[in-house]
Amino acid sequence: MTDCVGDAKLEVKQASKEFKESENVAEKYSAMTATKNSDVNMNVGELSAAFTAVPTHKSMKKQIQFANQEEKQEFSKFPTKTGRRSLSRSISQSSTDSYSSAASYTDSSDDETSPREKSQLNSKGSSDFCVKNIKQAEFGRREIEIAEQDMSALISLRKRAQGEKPLAGAKVVGCTHITAQTAVLIETLVALGAQCRWTACNIYSTQNEVAAALAESGVSVFAWKGESEDDFWWCIDRCVNMEGWQANMILDDGGDLTHWVYKKYPSVFKKIRGIVEESVTGVHRLYQLSKAGKLCVPAMNVNDSVTKQKFDNLYCCRESILDGLKRTTDVMFGGKQVVVCGYGEVGKGCCSALKALGAIVCVTEIDPICALQACMDGFRVVKLNEVVRQMDMVITCTGNKNVVTREHLDRMKNGCIVCNMGHSNTEIDVASLRTPELTWERVRSQVDHVIWPDGKRVILLAEGRLLNLSCSTVPSFVLSITATTQALALIELYNAPEGRYKQDVYLLPKKMDEYVASLHLPNFDAHLTELSDEQAKYMGLNKNGPFKPNYYRY
């Protein structure tokens, strides 16, 4: 019986494609079904009626008829041509945006009016903010609450220190990625007594609904996803330049805020007690200022703290590199030829993840120690110009500039994916691609095809900006480690007695790193072994730490 029904359906499809006369089709299938088992649950009259309804291709929608109401309801479940197109569009959109964007407040529901041209008020009547749409605040609040569930250590710090208010009187101006996770950090600083004004360090990484939630809660935030370069600097300026309010602490990610204050408002540094910087790029800029004798306040290098280097840079990038690439390109990694430029902690995380999924990975390096580590981990160390023609993906994570040049891009094969996992957008020479002979085609959110005159396409992600925060999300737990470190660094610099820190760049004390780690161990139900008095004496250690000297490399 099943065979007969299957045969009939197959012939129906064939007949429809060939657009035969409906009477002939019915006749053909009446003859066919007459020779089959008489138990088939379909009579010739029904079959003929169904085939008589097969329309010509010119007026298919109008001529379809249904034997009963049930069939009509079943048919209506399937989308029309227009419906299929819009459904496909929504699936493509949600697969490439961040979690918050996919839920679809961030990109699709807003008009194209620049937030700078809008007049918005929060529920308290304040207009001291600039976000995409303040009405998204409720949705953003839910995202922040979800992030808090996996950032228990930062919440624990908030509860422990909330009574003491160690940041009472602190006026913190911040420039970081504005995501649900950083919102938890910002609200922790507020709970500890600080006043905060905030802007974004990346034009693509802001979650609009989270920015709206912060603005609704009273934080002066100036950021939205898709800012122009002019918008970016305008937002920073609005954060710093506020009548009757002057910052005394800076929390930076990339050094742009610090650079702007030095350039436009140098007098602000008379009241600044310290700078906390969390990125390779920003730390490099601080050391340059220090070397030139231009650093006029103490600065804390969070990037090179153990809890940032070994957890955020390594473990976070190990997971988020795959997330970003999958959402934007749907690429399969097995068998792909990939070159990762740089084998620091970020590069190590990327290589580990790609290798685990079957990619054939090689590495470029300038440092012989990192190069030797890559070799011992099973990766070939090469020069980019030696292998660029064969690569399916080129990933930068060096913190340097012009790592991938126009010459490299010209030699890449058709379909090569190019992206950056470093903080700054200087690693890939994107400016060299904006020339008349090359065509740019936006195929998805944050995905551009750059087309050469011969038809070759290079797939550029996030216009060379940070892939994971521009095109996907990052794990809340790992960011809790970094955020807790940043909060403690701010508390340390703000409360330090005069003279403890000079006008230089400092690393966090080892004891503070260990404290941050200890706050996160309960998440794993981990139980530390305690030294006996005899063991502590033998090792020359305090039983409560620190357990490693400052020169120890984890």
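Residues numbered from 1 in each chain as written. Predicted model: local features only at pLDDT ≥ 70, side-chain atom pairs only at ≥ 80, totals over all residues. Heavy atoms only, no water.

A.B. asks: Help me understand the overall build of the protein chain, please; the structure alone is not making it clear to me.
C.D. replies: Across its full length, the protein chain carries 23 helices and 15 strands. Counting across all 554 residues of the protein chain, residues that qualify as buried make up 51%. Looking at the protein chain alone, contacts between residues at least 24 apart form 69% of all its contacts between residues at least 6 apart. A total of about 28000 Å² of accessible surface is found on the protein chain, and carbon and sulfur atoms cover 52% of it. (Helix = DSSP H or I, 4+ residues; strand = E, 2+ residues; numbered from the N terminus. Buried < 20%, exposed > 50% of the residue type's maximum accessible area, 1.4 Å probe, protein only. Contact = heavy atoms within 4.5 Å. Areas by Shrake-Rupley, 256 points an atom, 1.4 Å probe, with all protein chains shown as cover.)

A.B. asks: What's the story with helix H13 (residues 256-264) in this structure? I'm lost.
C.D. replies: Along an α-helix, residues three or four apart share an orientation, since each turn contains 3.6 residues. Buried residues of H13: Asp 256, Leu 257, Thr 258, Trp 260 and Val 261, and no others. Packed against the buried residues of H13 are strand S1 (171-176), helix H12 (229-240), strand S4 (249-252), strand S5 (274-277) and helix H14 (280-291).

A.B. asks: Is there a simple way to think about the sheet that holds strand S14 (residues 457-461) in this case?
C.D. replies: Two modes of strand pairing occur in sheets, parallel and antiparallel, and in both the strands are linked by backbone hydrogen bonds. With mixed pairing, the eight strands of this open sheet are ordered in space as S9-S8-S7-S10-S11-S14-S13-S12. Looking at strand neighbours, the two that pair on one side only are strand S9 (380-381) and strand S12 (439-444), the edges of this open sheet. With five bridges joining them, strand S13 (residues 447-451) and S14 adopt antiparallel strand pairing. Across the sheet, Ile 451 pairs through a bridge with Arg 457, a residue of S14. Taken strand by strand, helix H15 (residues 306-329) contacts strand S10 (393-396), strand S11 (416-420), S12, S13 and S14, and its axis lies near 125° from that of S14. (Pairing = 2+ DSSP bridges. Axes fitted to C-alpha atoms, helices over the stretch in contact; angles between N-to-C directions.)

A.B. asks: What's the story with the packing of helix H10 (residues 180-191) against helix H11 (residues 208-217) in this structure? I'm lost.
C.D. replies: Helix-helix packing: each pair is described by the crossing angle between the helix axes and the interaxial distance. One way to put it is that H10 packs onto H11 with a least axis distance of 9 Å and a crossing angle of 20°. The orientation of H10 relative to H11 falls into the category roughly parallel. For the pair H10 and H11, the sense of crossing is right-handed. Here Ala 180, Ala 183, Ile 186 and Glu 187 of H10 come into contact with H11, specifically with Val 210, Leu 214 and Ser 217. Split into classes, the residues belonging to the contact of H10 with H11 amount to five nonpolar, one polar and one charged. (Parallel < 35°, antiparallel > 145°, perpendicular 65-115°, else oblique. Left-handed = near helix turned anticlockwise from the far one by under 90°. Nonpolar A, V, L, I, M, F, W, Y, C, P; charged D, E, K, R; others polar.)

A.B. asks: What am I meant to see in the pairing of strand S2 (residues 195-200) here?
C.D. replies: Within a regular strand, the side chains alternate between the two sheet faces. The buried count for S2 comes to five of six residues, which makes it a mostly enclosed element. What joins S1 to S2 is H10, and the crossover it makes is right-handed. (Right-handed = clockwise from strand over helix to strand, strands pointing away.)

A.B. asks: Looking at this model, I keep getting lost on the nonpolar core. Mind explaining?
C.D. replies: Most often, soluble globular proteins have nonpolar side chains that are buried together. Formed by 55 residues in total, the largest nonpolar core has its most connected members in Ile 178, Leu 189 and Trp 198. If we skip the residues at most four places from it in the chain, Leu 189 touches Leu 167, Ala 194, Cys 196, Trp 198, Leu 251, Ala 487 and Leu 490. Core analysis: the second largest hydrophobic core is formed by 32 residues, Leu 325, Val 331, Val 338 and Cys 351 among them. (Core = buried A, V, L, I, M, F, W, Y, C linked by side-chain atoms within 4.5 Å.)

A.B. asks: Help me out: how do you make sense of the pairing of S4 in this one?
C.D. replies: Residue alternation in S4 divides its side chains into two sets, Met 249 and Leu 251 and Ile 250 and Asp 252, and both sets are buried. Pairing geometry for S1 and S4, over four bridges, is parallel. Residue pairing for S4: Cys 175 is matched across the bridge by Asp 252. Sheet topology note: the S4/S5 ladder contains four bridges and is parallel. Looking at the pairing, Ile 250 lines up with Ile 275 of S5.

A.B. asks: What should I look at first to understand unusual backbone geometry in this one?
C.D. replies: Note: most residues except glycine have negative phi, and most peptide bonds are trans. Of the consecutive residues Gly 545 and Pro 546, the connecting peptide bond is found in the cis state with omega at 0°. You can see Pro 546 is positioned in the segment after helix H23 (533-539). Of note, the phi angle at Asp 330 is positive, near 55°, even though the residue is not glycine. When you line up the elements, Asp 330 lands in the loop between H15 and strand S7 (337-341). Backbone geometry places Asn 402, a non-glycine residue, at a positive phi of 50°. Looking at the element boundaries, Asn 402 is found in the loop between S10 and helix H19 (406-411). In this structure Asn 402 comes out as partly exposed when scored by relative accessible area, which is 40%.

A.B. asks: Explain the sheet that holds S5 to me, please; I cannot follow it from the model alone.
C.D. replies: Ordered in space as S3-S2-S1-S4-S5-S6-S15, the seven strands form an open sheet in which the pairing is parallel. Edge positions in the sheet fall to strand S3 (220-222) and strand S15 (505-507), since each has one partner strand and no second. The sheet shows a mean angle of 20° between the axes of neighbouring strands, taken without regard to direction. Where S5 lies against strand S6 (residues 299-301), three bridges are found, and the strand directions are parallel. By the bridge assignment for S6, Val 276 is matched with Met 300. H13 contacts S1, S4 and S5 of the sheet and is inclined by roughly 135° relative to S4. Against the sheet, H14 touches S5, S6 and S15, its axis set at about 140° to S5.

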